[in-house]
Amino acid sequence: MSPILNCRLALLFSIVLIMPLGYRIRFAGNAWWNDFFGSVAYEIFWVLLVLLIWPRLSVAKVAIAVALVTCLIEFLQLWQDPTYLALRATFVGRLVLGNSFVWSDFPSYFVGSLAGWLWGRSLKQ
């Protein structure tokens, strides 16, 4: 098998592993734990998904881009546009776009992107 295919299979397996783990963390246990580690899993998921789609991209650049985009999404939660609010009111919208702006989410985004970078880097080697 080619190295790219091996990497993609490892990324796919990792995504299949991190998704239920992230949901389990997000919806069970202590609220702070849920928020922090659920967001870490969310960041890891997005880093791995982007690498699965574009495996030749730099893992570091993907991790930075994911951190920046999720920070932007966090700031967008301050926006009260009716269409955007309607999107966020759906289950998928809440999962992807969040539901309220919280400064304390930013550290988990950085930790998650760092963890995604480490995970992605280990899979690409």
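First, a word on what this report is: a plain description of the structure on this page. Values in this document were obtained by computation on a predicted structure and should not be read as measured data. (Residues numbered from 1 in each chain as written. Predicted model: local features only at pLDDT ≥ 70, side-chain atom pairs only at ≥ 80, totals over all residues. Heavy atoms only, no water.)

Take the packing of helix α2 (residues 31-53) against helix α6 (residues 105-124) next. Look at α2 against α6: their axes get within 7 Å of each other, and the N-to-C directions meet at 40°. One element, α2, and the other, α6, form an angle in the oblique class. As α2 packs across α6, the resulting crossing turns out to be right-handed. Across from F36, S39, V40, E43, I44, V47, L48 and L51 in α2, the residues of α6 making contact are P107, S108, Y109, V111, G112, S113, A115, G116, W117, W119, G120 and L123. (Axes fitted to C-alpha atoms, helices over the stretch in contact; angles between N-to-C directions. Helix = DSSP H or I, 4+ residues; strand = E, 2+ residues; numbered from the N terminus. Parallel < 35°, antiparallel > 145°, perpendicular 65-115°, else oblique. Left-handed = near helix turned anticlockwise from the far one by under 90°. Contact = heavy atoms within 4.5 Å.)

So, about the side chain of S39. Tracing the sequence through the fold places S39 in helix α2. Polar contacts involving the side chain of S39 include one to the main-chain carbonyl oxygen of D35, which spans 2.9 Å. Excluding residues that lie within four positions of it along the chain, S39 makes contacts with R26, N34, S108 and Y109. (Polar contact = N/O pair within 3.5 Å; in protein donor to acceptor, adjacent residues only side chain to side chain.)

This next bit is on the packing of aromatic side chains. Evaluation of the coordinates by the stated rule reveals 12 aromatic pairs. Geometrically, the ring pair formed by W33 and F37 is tilted, given 4.4 Å between the ring centres and 45° between the ring planes. With W33 and F37 both in helix α2, this residue pair falls four residues apart, about one helical turn. Classification of W33 as partly exposed rests on a relative accessible area of 42%. Accessibility expressed as a relative area gives 28% for F37, which makes it partly exposed. Every member of this aromatic cluster is reached through a ring pair, and the members are F75, F101, W103, F106 and Y109. The ring of W117 is capped by R121, whose NZ or CZ atom sits 4.5 Å from the centre of that ring. (Phe/Tyr/Trp six-rings, centres within 6.5 Å; stacked < 30°, edge-to-face > 60°. Buried < 20%, exposed > 50% of the residue type's maximum accessible area, 1.4 Å probe, protein only. Lys NZ or Arg CZ within 6 Å of the ring centre and 35° of its normal.)

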